[in-house]
Amino acid sequence: MSRLNREIMVGSVHHYHFVSTVKRRFVPAFLHLFIAVMILKGVDMMKQSKLFMSTKQQRKNTQTMNAEQLLIAGCFIREVGEGIYSFLPLGIKLFDKIQKIIHEKLEKERAIRFQSSLMQAVGEGKEVQKGQFTVTDQYDRQYLLSNALSVVVAPFLATQLHAPGKGSSLYYQVTTEFEKVNKTACSLWNSREKTIFEMYGLELTDDEMIIVKELFSSLLSTLHIQQYPIIESENEKEQTIRFIAVEPKGDVKLAYYSVGDYAQKIELAAAKQVYEHQEDEPLPMEKVELRDVETSEDIAEALDISLEQVLTTSLYEADGRLVVVVCRADYEVSLAKLQKTLQATKVKKASAKQVKELFSVEGLCIGPTQLPVGTEVVADYSVTSVINGITGANEPSLFNQFVKPERDFAVHQYADLRYVQEGEEAPNGQGVVQFANGIDIGKSMNLFVETDEEASIAIRYHRMDLTKMFAILASQHRDELGFMWPKSLAPFDVHLLVENEQNSAQYEAAQSLYALLRSYHYEVLYDDREISLEQKQLDANLIGMPVQIVIDDDIEQRLLNVMMRKTAETSTWQLEEVTEKLQSYFTMNE
């Protein structure tokens, strides 16, 4: 007898016995007929053997795999070239759920969906930019495989958004972007072909900016992505919000407060502006000779003082002008903050020649005292706390000790110039500063578009890299065994494992349970592969569906062995209570 005939006969003959012994509260009467019809027709089972998973998978230690390697091992994706990936059935289902959440969220905001062409004819006024892909047809006509931000779409939408009576509309699309990436940098995080979500709207007021920030933060929260919105305030007209997802191997260094929602790149993260003054009585400044000191720590040790009393002096060039910068030695000056404070387009360390010309010496011996009239001096707020400090005296091996700012040297401007330090008190007085690594996954920015009327129209452009989000989800929802997908995003709700399909009781129970769960609209993956239960469980842990149900010899006592993947909690359920317990689990908040 063929396997197919066996499945149909087993379903038709034994199914009624399965459902009729279940309590009526568990399976309503009308479902008896429904399930029986499903089995007689042949339930369209989602079998694991269809998902490109090898039955003899060559497995590395999953604990040492990165997220991309886990996705490949779990058959979510396949790398077909450097930085080029195919999505397999499991990956497609997960990616579709990500997009579904986006569409549902934007429909509530009454955003209007559109779809632009990926190809644009290259001709007059449309030059190919570095990093863009082109294709040529048989007539030698060249076409641009457009970046997501289309030079055709943006002017069209700008005109639509500013048309009389249009109101405040949002237009969005999910499209493909092609990017040239150095092969050494290729990865799922930095792929050559990626899926991009982009949205266009009117230029935002400050209040609307907050709303968009909350919308995108809410969207990413719904997608179970831990992220921080970073506001880049270069100037109000070009204010950009970047969304940074937490990723241990990310290239963006974040500082955030343990209490509240503040976050910023480390080089721009706000430090406190008010410091407790040192309690010493001010002493007259005097010179001291220190030889063989190479660091600020050496100075503090030689004089038996704290590092907080040592002042460092540096010379910078900002748009052609020289600026002396003073900071406490226990802190480090941030070039980004200095550039912002000086409102300069370019800031760099002054050359050794420039330092020698101004101070007559180099190294630790330079200081802010007795400088030429008109020398611009800026200092970090931390300098205000120093009473009896020490700084270079602008003479070889000599230092000025018992220095007091404003008494012994003038400061033209105090500002927040230093890097924050992990664990220090947050400037808002609540919690402490914490650090994390992250990856830039999206942004919201003002865009100035040239229209057909040769006029510039301002619109707001929002963008998210969905391929990168997919990779980040994989990284954030994993453990040493594999993935632990959130319930709302998992490709399947339940992973059904049978120890021995040759055992008629186990096989029949699995067939009937699958049909029952499908009737309750659970998505079920059935592992039909002829491998050991141990191997099935290893693969189940790897691909990470929320609930694993094992049918083994305990089915003779109408018992199921169940594991919740996220918590690794195991329990034994009565067969009659399976849907009730699943409903309770899937209605709990994550």
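As a reminder, the structure under discussion sits directly above these lines.
My aim in this report is to walk through the structure given alongside it, one point at a time. All values reported here derive from a predicted model rather than from experimental measurement.

Geometrically, a pair of aromatic rings is defined through the distance of the ring centres and the angle of the planes. Counted according to the given criterion, the structure contains 17 aromatic pairs. Look at F197 and F216: their rings are 6.2 Å apart centre to centre, the planes differ by 45°, and that puts the pair in the tilted class. Linking F197 in strand 8 (residues 193-202) with F216 in helix 6 (residues 206-222), this pair joins segments that are 19 residues apart in sequence. Here the two residues F197 and F216 agree in accessibility, since each one is buried.

In this section: the sheet that holds strand 23 (residues 494-498). Taken together, the 5 strands give an open sheet; going across it, the order is 24-23-25-26-27, and neighbouring strands pair in mixed fashion. Whereas interior strands pair on both sides, the edge strands pair on one side only; in this sheet they are strand 24 (524-527) and strand 27 (569-574). Sheet twist, expressed as the mean angle between neighbouring strand axes with direction ignored, is 25°. Bridging between strand 26 (residues 559-564) and strand 27 involves 6 bridges; their strand directions are antiparallel. Within strand 27, the position partnered with L560 by the bridge is W573. Seen against the sheet, helix 12 (residues 533-543) touches strand 23, strand 24, strand 25 (547-551) and strand 26 and runs at an angle of roughly 170° to strand 23.

So, on to helix 11 (residues 504-519). Since there are 3.6 residues in each turn of an α-helix, residues three or four apart along the chain are aligned in direction. Taking 1.5 Å as the rise per residue, helix 11 with 16 residues should run 22 Å; its terminal C-alpha atoms sit 23 Å apart, in good agreement. Most of helix 11 sits inside the fold, with 13 of its 16 residues counted as buried. Its side-chain oxygen at 3.0 Å from the backbone nitrogen of A505, N503 defines the N-terminal cap of helix 11. Trailing helix 11 by a residue or two, H521 shows a phi angle of about 70°, which is positive.

As paired elements, strand 1 (residues 77-81) and strand 2 (residues 84-87) share 4 bridges and run antiparallel to each other. Note that in strand 2 the partner of E79 across the bridge is Y85. In this antiparallel pair of consecutive strands, strand 1 and strand 2, the connection spans 2 residues, and G83 shows a positive phi of 75°.

Before going further, it helps to examine the sheet that holds strand 6 (residues 142-145). One open sheet accounts for 3 strands, arranged 4-6-5; its pairing is antiparallel. A single partner strand is all that each edge strand has here, and the edge strands are strand 4 (119-121) and strand 5 (133-136). Sheet twist, expressed as the mean angle between neighbouring strand axes with direction ignored, is 35°. When strand 5 meets strand 6, the two strands line up antiparallel, connected through 4 bridges.

Looking now at the nonpolar core. If you look at the biggest cluster of nonpolar residues, it comprises 55 residues, and the most contacted ones within it are F197 and I441. When sequence neighbours within four positions are dropped, the list of residues in contact with I441 reads L220, I225, F243, A245, R463, M464, D465, K468, M469 and I472.

Here we come to the environment of L90. Its place among the elements puts L90 in helix 4 (residues 89-108). Classification of L90 as buried rests on a relative accessible area of 0%.

Quick look at the pattern of salt bridges now. What the rule picks out here adds up to 18 salt bridges. K337 serves as the salt-bridge partner of D416, at 2.9 Å between the closest nitrogen and oxygen. Of the two residues, D416 is situated in the loop between strand 20 (413-415) and strand 21 (433-450) and K337 in helix 8 (residues 335-342); the sequence distance between them amounts to 79 residues. A single burial state applies to D416 and to K337, both of which are buried. A salt bridge links D527 to R529, with the nearest nitrogen and oxygen atoms 3.0 Å apart. Here D527 matches R529 in class, with each residue buried. Connected via shared salt-bridge partners are K93, K97 and E523.

What counts and how
- Positions within a chain are numbered from 1, following the residues in the order the chain's sequence is written.
- Confidence filtering applies because this is a predicted model: local features only for residues at pLDDT of at least 70, side-chain atom pairs given and counted only at 80 or more, and all residues used for totals across whole chains, interfaces and linings.
- By convention in this description, side-chain values take in all heavy atoms of the structure and omit both hydrogens and water.
- Only Phe, Tyr and Trp rings are paired, with Trp represented by its six-membered ring, and only when their centres lie within 6.5 Å; those with planes under 30 degrees apart are stacked, over 60 edge-to-face, the remainder tilted.
- A helix here means a DSSP run of H or I that spans at least four residues, while a strand means a run of E at least two residues long, and both kinds are numbered starting from the N terminus.
- Only protein chains enter the area calculation, which uses a 1.4 Å probe; residues under 20% of their type maximum are buried, those over 50% are exposed, and those in between are partly exposed.
- Here, any two strands with at least 2 DSSP bridges between them count as paired.
- Axes here mean lines fitted to C-alpha atoms, for a helix over just the part in contact, with angles spanning 0 to 180 degrees between N-to-C directions.
- Whether two residues are in contact is decided by their heavy atoms: any pair within 4.5 Å suffices.
- Multiplying 1.5 Å by the helix residue count minus one yields the expected span of that helix.
- Whenever a nitrogen or oxygen atom comes within 3.5 Å of another N or O atom, the pair is scored as a polar contact, on the condition that within protein one atom can donate a hydrogen and the other can accept it, and that pairs from neighbouring residues in sequence are kept only if both atoms are in side chains.
- For this analysis, a nonpolar core means a set of buried residues of the types Ala, Val, Leu, Ile, Met, Phe, Trp, Tyr and Cys, connected via side-chain atoms within 4.5 Å.
- Here, a salt bridge means any side-chain nitrogen of Lys or Arg that lies within 4 Å of a carboxyl oxygen of Asp or Glu.

On their own, these measurements won't tell you what the molecule is for.
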